[in-house]
Amino acid sequence: MAADEARHFQLLEQRMQAFCARYGDFPAHQGLWDMSLRTAHDPLDRMALVPRIMEARGLDVTPGMIRQFERANDMETANILQIILEEEVGHVGAGTRWFRYLCEQRGLDADTTWFERVSHYLGGDIRCPLNYEDRDRAGFRESELEWLKARCRKSAIDRV
């Protein structure tokens, strides 16, 4: 996965250079990094939040970004994002498997534990849209998808 992430960066960095831009030229959030720091004390918390919330958010928003680039007739960027999306499904799936393994090792119900961890760290604040198809491919259970759907709120960017 680390090699995939490095390649994703290289693909995006090369594409940005085609537009005379580089990584760091534009403001960006560091939500994934912040959550990694907040969950550093426990691998179960880390697997519950980093791949299954933060990285899974990429599954949710990337299809819309791909459509925007396609509408702008920028197929090269759209194709890069499609590659990244496909590989991120596997990354989120790996986090799902590790999360469930850790729950099993600790004798915890995975659904209940995930709901509790997400509520604790995010207050149950889930942004829309949700990409149910790719989350399903990444191993999310129907109960988890329904739980997310019930807590989904539109962000400012989703309302545009």
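Residues numbered from 1 in each chain as written. Predicted model: local features only at pLDDT ≥ 70, side-chain atom pairs only at ≥ 80, totals over all residues. Heavy atoms only, no water.

Chemist: Before we move on, can you summarise the nonpolar core with the specific residues and values?
Modeler: For soluble globular proteins, the rule of thumb is that nonpolar side chains tend to be buried together. Phe99, Trp114, Phe140 and Leu148 are the most contacted members of the largest nonpolar core, which has 29 residues in total. Mapped by element, the contributors of at least two residues to this core are helix H3 (43-71), helix H4 (75-106), helix H5 (110-122) and helix H7 (142-151). Apart from the residues lying within four places of it in its own chain, the contact partners of Phe140 are Arg52, Ala56, Val92, Thr96, Arg100, Trp114, Arg135, Leu145 and Leu148. (Core = buried A, V, L, I, M, F, W, Y, C linked by side-chain atoms within 4.5 Å. Buried < 20%, exposed > 50% of the residue type's maximum accessible area, 1.4 Å probe, protein only. Helix = DSSP H or I, 4+ residues; strand = E, 2+ residues; numbered from the N terminus. Contact = heavy atoms within 4.5 Å.)

Chemist: Quick one: what's the story with the side chain of His8, residue by residue and with numbers?
Modeler: If you trace the backbone, His8 turns up in helix H1 (residues 2-17). With near-sequence residues (within four places) excluded, His8 lies in contact with Ile84, Glu87, Glu88 and His91.

Chemist: Pulling in residues and values, what's your account of the state of the cysteines?
Modeler: Following the criterion strictly, the structure yields one disulfide and no others. Bridging Cys128 to Cys152, the disulfide has an S-S length of 1.5 Å. Residue Cys128 is found in strand E1 (residues 126-128), and its partner Cys152 is found in strand E2 (residues 152-154); the two are separated by 24 residues along the sequence. For Cys152, a relative accessible area of 22% corresponds to the partly exposed category. (Disulfide = S-S within 2.5 Å.)

Chemist: Quick one: what's the story with the packing of H5 against H7, residue by residue and with numbers?
Modeler: Closest axis-to-axis distance for the H5/H7 pair is 10 Å, and the angle between their directions is 25°. Put simply, H5 runs roughly parallel to H7. Here H5 and H7 pass one another in a crossing that is right-handed. Here Asp111, Trp114, Phe115, Val118 and Ser119 of H5 lie close against H7, whose contacting residues are Ser143, Glu144, Trp147 and Leu148. Considered class by class, the residues forming the contact of H5 with H7 number five nonpolar, two polar and two charged. (Axes fitted to C-alpha atoms, helices over the stretch in contact; angles between N-to-C directions. Parallel < 35°, antiparallel > 145°, perpendicular 65-115°, else oblique. Left-handed = near helix turned anticlockwise from the far one by under 90°. Nonpolar A, V, L, I, M, F, W, Y, C, P; charged D, E, K, R; others polar.)

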